[in-house]
Amino acid sequence: MAFETVIGLEVHVELGTKTKIFCNCANEFGAAPNTRVCPVCLGSPGVLPVLNAEALALGIRAALALNCEVRASSKFDRKNYFYPDSPKAYQISQYDEPIGERGYVEIVVGGGVKRIGVTRVHLEEDAGKLNHSPLGDYSLVDLNRVGVPLIEIVSEPDIRTPEEARLYMEEVRSILRYCNVSDCRMEEGSLRCDANISLRPAGQRAFGTKTEIKNMNSFRNVQRGLEYEQRRQAEALAAGGEIRQQTLRWDEASERTILMRSKEDAHDYRYFPEPDLARVELSAEYIAARRAEIPELPADKRERFVRQYGLPAYDASVLTASRALAEYFDAVAALVRDAKSASNWIMGDLLAHLKVTGQEIEQVNMTPQQLAQLIGLIDDGTISTRIAKTVLRDVLEQGKDPRVLIEEQGLAQISDEAALRAIAQRVIEANPKSVEDYRAGKEKALGALVGQMMKETKGKANPQMVNRMIADMIAGD
Amino acid sequence: MHLTEQDVAHVARLARLVLTDEEKHTLAGELDRILQHADELAGLDLAGVSPMSHVGGGETVTRPDEPRPSLAPLTALANAPDADEQQFRVPAVLEG
Amino acid sequence: MLDMYSGLRALRAGLDAGRTSPGELFAMCRNEIARRDDGVKAFLTLVDDDPETQRRLRGEGPDAGYAGYAADGAAREGEAEFASDGTAPDGRSGSAGALAGIPYALKDNICTAGIVTTCASRILAGYTPPHTATAVRRLAQAGGRLLGKLNMDEFAMGSSTENSARFPTRNPWDLERVPGGSSGGAAAAVAAGMAPYALGSDTGGSIRQPAAYCGVVGLKPTYGRVSRFGLVAFASSLDQIGPLTHSVADAALVLQQIAGHDPRDGTSARVETPDFSRGLTGDISGLRIGVAREYFSEGVDDGVRRKVEEAIALLAKLGARVREVSLPHTRYALSTYYLIAPAEASSNLARYDGVRYGYRAKDADNLVDMYSKTRSEGFGAEVKRRILIGTYALSSGYYDAYYKRAQQVRTLIRRDFDEAFADVDVIVSPTTPTTAFRLGEKVDDPLTMYMNDVCTIPVNLAGLPAISVPCGLDRGLPVGLQFIGRMFDEVTLLGAAYVYERAAGHSPLRPRFAPEVTGHGV
Ligand SMILES: [Zn+2]
């Protein structure tokens, strides 16, 4: 029997604020345990949460960037559960009135665009971390992460393959990075993903029983974890078995999903409105201001790069991988005759350089103006493409303008007719045999003469010009 | 609707309280009386009445995103019943 | 001769005239405590009058980084900072410095940096917070001198202070009787002359009811008037800190210091703080006073009813226009309160889990076991009872029937008041249906105990300000008269209460002290 896979994702994103969502402790990754905590973080008796304006702004910006409708009036709720990572024994979250609803994200899959619905975006606080002892007899609790602002992005069950799930995650990350909402580093946990997956016989409308997978901490693991679970469920169903509603954990080492808890243990979170936080009431002006903060997003950029610069779709998707890279390209493209040459240089030599050095585009030692200048010097014949590669490397190392480096190192092509003609004359006179052969119809002999000429000029002669010049001079004798 | 001892046991589990059988029995009676009293609200017509979760309102309350010092490391752990390596120590975590 | 019944203005005048000193006033209180508190048992913790303690409470203590956190919260808002001797920079509404050098005491659910804060619960035994409540910081900055922390019903849940994990407090008017609760220690300490004033907290009547039982003035300000930062939460949407004093004028002075917006409390109101003494003119001609029949149900004792009716007649004689108002949903207030308050409490008290502070049970096998043993051993019976009701009211399948419904009825109760206040300026009622009852009389009957709060609870549900003032004695025990005001209209409220207080001539009420404790089992 053929099955259709149905996947929905819950993505948690830590917001890039300076402070936590409800207190003034620094929002920092990697500090020594319990050094970024105050009585609010510790859930001490008598303390109160106060909402960070920037966390709210980033949350609204994110919701808008994900095409959500933003509620003019929303509220926070308490989600009650006992666990040592939750010092108040409740998480401040949003239950039935999230900041954003009914959005979507578009992904490019199978050569077409597919729209994945975003059910809701809500604000909440992060929990602490437990470090289990090697023997499992106790755990240590670090509360630094408590209160780091999060948004949770819940997708509709519109995803049909593990690959689509990965693409959706990548697109969400790209959008949120474009908006400066978060750095979205999965390895540091600032982007996290839980997935619901179920299978149903092809053609059936009703959903099958789903399982939830947690702890897929890289894009690769999202795809692999879902692939594993898809296979596991398909095999179970094909064998006439049943899927049990469970929460599973992806174990990277064993490449398996492991049972965390079954449905019978489902929590009763006893949500109710958080009395310590006033309702969030947003004016149309406030929402418009957040919307104005959203830059051109990757999908629009891709589309524009194809339309405006005539780039292939592949180039457009590579160049829009990050906002900084896309802006770099835009800046170079605006200064050169052919945008495709800008794309070639960036996707080729520049990205290779970033890969080798492990740098981000923001850290690179070459301004878009410098790269444009270099391309301009090729276009006007000042240097050859081969020389340009050397110059590019030197610009990246020294940060000097290409023009200055070419000057310093005397790398400009010799395009001076008179000077070249004098050298050509010497070459012709010194190689009578080759001249004879060429006259006798041996076309290859011309190549030897041109090669001689390039050697004399240390490669700086314009090859086309030399070719034509020698042929003319022999013919004209 | 009457509150049973089983209901009390369930709610106690949610609230992380252990009760003796005697406590369960007494509390089931007491809580049942209180909830019976609360059932008088069931007779009210509340259609269109919005719930009042806050006294104030109408205005979003936020604070500026400005870092301030956190607690000194010793102070953070000063009240901990059990601590190790600048962290709170808890018994083994078993789901349930 | 000054004593702790003299009133804050007289004490201040004594200090200004050099007739006494802050140290002497503090010592006088300590003497009274030594003399009386073996019998009354109001204090849980005594604090020495040392500069280090005062400095820490002002937010300038040695808790380096975090003290800064507490201190600059206020400065940021452009709030007046007071010098340590209590002199104000630019005369805060004329009452600046009014509390400088004068001792006070605090209910033990109000956090004090470096001083044990237990909520009279075993689960917080020995807990020393690093933070100070904003209201206390303001008193400390105004030069107030903290005497100690006062007994209460555990986590403010109760009406008799018998729910303290330590010991019950006794009513200074009759040591066989309860002082009321939950701020029973605060009311008893002030009534017994052991402190000139105290701060309590009021969630359903916890300031006003003990004030009525002990014959002192108890003010519950409008919700949001006083910061809740540092008040250990019982029911967050109802709790409010307020003063217990010997007079309405003193209540106004204390409120002046503790009121005002606090950036650390998102529910503290961004409203102007008026001069609360402004309305104490002694003139209420034309003031419209409402009397709601709903507050005079059969449950109200005849003696109490008579005193309150006399008070209303006196107010009319003084020029007030008394008219009847209707608050039809009052009868649902108790049920509403006993769903909302426990629901919020069940969540607020979930943090007491033995992990970061407070009591932890020994010999737990695993985490869940540790949680359950800690909480079962750490909380008393009434707290557990309310946690269970609240958990039930919020649990899956019951939320709409109980919690949400209660929130809707709360809207109706608030609407009743809004409509009544279209016609009147204040509403008067008994504070409590009876005078102080005997210790042990109601402990086994939670519902009857809850009935004590029938006149005070609607006020918290609506968020309004209210004050209880003594209106005489019934068979030797104080009776309380409650005035209820409009949102943020404490000025009118205090003005009305002041006129009554002056004309009635009851305040300050000095209890005839039973000379010694009678040895009734504590
Ligand atoms: Zn913090």
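A brief look at the structure comes next. Residues take numbers from 1 onward in each chain, read along the sequence in its written order. Lettering for chains starts from A, numbering for ligands starts from 1, and both go in the order in which the items are written. Confidence filtering applies because this is a predicted model: local features only for residues at pLDDT of at least 70, side-chain atom pairs given and counted only at 80 or more, and all residues used for totals across whole chains, interfaces and linings. Side-chain calculation: all heavy atoms of the structure are included, whereas hydrogens and water are not.

Moving on: empty space enclosed by the protein. Residues and elements named next belong to chain A. For cavity detection a 1 Å grid was placed over the protein atoms alone, and a set of points counts as a cavity when a 1.4 Å probe fits there but cannot get out; an open set counts as a pocket when protein lies on both sides within 12 Å along at least five of seven lines, with lining residues being those that have an atom within 4 Å of a point. Grid points are joined across faces, edges and corners, and a volume is the space filled by probe spheres set on the points. With the rule as written, the count across this model stands at eleven cavities of 30 Å³ or more. Reported here for the largest cavity is a volume of approximately 130 Å³. Lining the largest cavity are 17 residues, and of these Val40, Pro49, Lys88, Ile92 and Glu125 lie nearest its centre. Considered class by class, the residues forming the lining of the largest cavity number eleven nonpolar, two polar and four charged. Residue polarity is assigned by list, with Asp, Glu, Lys and Arg as charged and Ala, Val, Leu, Ile, Met, Phe, Trp, Tyr, Cys and Pro as nonpolar; anything else, Gly included, falls into the polar class.

Taking strand neighbours across the sheet as the criterion, the four strands line up as 9(A)-10(A)-3(B)-2(B) in an open arrangement whose pairing is antiparallel. Each edge of the open sheet carries a strand with a single partner, namely strand 9 (129-132) of chain A together with strand 2 (83-84) of chain B. A pair of strands is labelled paired if DSSP reports no fewer than 2 bridges between them. Helix and strand assignments follow DSSP, with helices taken as H or I runs no shorter than four residues and strands as E runs no shorter than two, numbered in order from the N terminus.

When checking whether two residues touch, look at their non-hydrogen atoms; a contact exists if any pair is within 4.5 Å. Contact with chain C, which involves 65 residues of that partner, is made by 53 residues of chain B. Criterion for a salt bridge: a side-chain nitrogen of Lys or Arg within 4 Å of a carboxyl oxygen of Asp or Glu. Counting across the chain C and chain B interface gives three salt bridges. Between Arg385(C) and Glu30(B) there is a salt bridge, with its nearest N and O atoms 2.6 Å apart. As used in this structure description, the phrase polar contact means that two N or O atoms lie within 3.5 Å; if the pair is within protein, one of them must be able to donate a hydrogen and the other to accept it, and residues adjacent in sequence are counted only when both atoms belong to side chains. For the pair chain C and chain B, the interface holds 19 residue pairs in polar contact (both at pLDDT 80 or more).

Turning our attention to the side chain of Lys301(A). Residues and elements named next belong to chain A. Here lysine 301 shows up in helix 6 (residues 298-309). Accessibility here uses a 1.4 Å probe with only protein chains present; expressed as a share of the type maximum, an area under 20% marks a residue as buried, one over 50% as exposed, and anything in between as partly exposed. Taking relative accessible area as the criterion, lysine 301 reaches 4% and is therefore assigned buried. Dropping the residues within four chain positions of it, lysine 301 is found in contact with Tyr178, Glu296, Thr320, Ala326 and Asp330.

What follows concerns unusual backbone geometry. Here the amide bond leading from Gly181(C) into Ser182(C) is cis, since omega sits at 5 degrees, within 30 degrees of zero. Take Ser182(C): it is sitting in the loop between strand 3 (145-150) and helix 6 (184-191). We note that Cys184(A) has phi near 50 degrees; this positive angle belongs to a residue other than glycine. By the secondary structure assignment, Cys184(A) is in the loop between helix 3 (162-178) and strand 12 (191-201). If you check the backbone angles, Arg270(A) has positive phi at about 45 degrees while not being a glycine.

Residues and elements named next belong to chain C. The length a helix should cover is 1.5 Å for every residue beyond the first. For helix 16 (residues 490-504), which comprises 15 residues, the first-to-last C-alpha distance of 21 Å matches the rise-based estimate of 21 Å (1.5 Å per residue) to within 8%. Within helix 16, eleven of the 15 residues are buried, which leaves it mostly tucked inside the rest of the structure. Restricting attention to buried positions, one finds in helix 16 the residues Glu490, Val491, Leu493, Leu494, Gly495, Ala496, Ala497, Tyr498, Val499, Tyr500 and Glu501. In this structure, the buried residues of helix 16 make contact with strand 5 (217-220), helix 8 (248-258), helix 9 (302-317), strand 9 (426-430), strand 10 (466-474) and strand 11 (477-485). Phi turns positive one or two residues past the end of helix 16, at glycine 505, with a value near 70 degrees.

All right, on to the coordination of the zinc ion then. Residue and element names in this part refer to chain A. Here the coordinating atoms are restricted to nitrogen, oxygen and sulfur within 2.8 Å of the metal centre, or 3.2 Å for Na, K and Ca, and because water is not among them the sites may look incomplete. The protein atoms that coordinate the zinc ion are Cys23 (SG), Cys25 (SG), Cys38 (SG) and Cys41 (SG), at distances of 2.2 to 2.4 Å. Every angle between 85 and 135 degrees makes a four-donor site tetrahedral, while opposite donors more than 155 degrees apart, with all other angles between 65 and 115, make a four-donor site square planar and a six-donor site octahedral; other sites are irregular. Of note is the zinc ion, whose four donor atoms meet at the metal with angles of 102 to 120 degrees in an arrangement that counts as tetrahedral. Mapped onto the polypeptide sequence, the residues donating to the zinc ion form the spacing pattern C-x1-C-x12-C-x2-C. Taken as a pair, cysteine 25 in the loop between strand 1 (3-14) and helix 1 (39-42) and cysteine 38 in the loop between strand 1 and helix 1 lie far apart in primary sequence, 13 residues in all. Judged by relative accessible area, cysteine 25 falls into the buried class, the value being 1%. Of the residues examined, cysteine 38 reaches a relative accessible area of 0% and is grouped as buried.

Another aspect to go through is the state of the cysteines. Residues and elements named next belong to chain A. Only a pair of cysteine sulfur atoms within 2.5 Å qualifies as a disulfide here. Enumeration according to the criterion identifies zero disulfides over all chains in this entry. With no disulfide of its own, cysteine 179 lies 9.8 Å from the sulfur of cysteine 184, the closest cysteine sulfur. Relative accessible area serves as the criterion here: at 1%, cysteine 179 is assigned to the buried category.

To continue, consider the pairing of strand 15 (residues 256-262) of chain A. Residues and elements named next belong to chain A. By the bridge criterion, six bridges tie strand 14 (residues 246-251) to strand 15 in an arrangement that is antiparallel. Bridge pairing in strand 15 places threonine 247 opposite arginine 261. The hairpin formed by strand 14 and strand 15 contains four residues between the paired strands, and glutamate 255 there has a positive phi angle of roughly 55 degrees.

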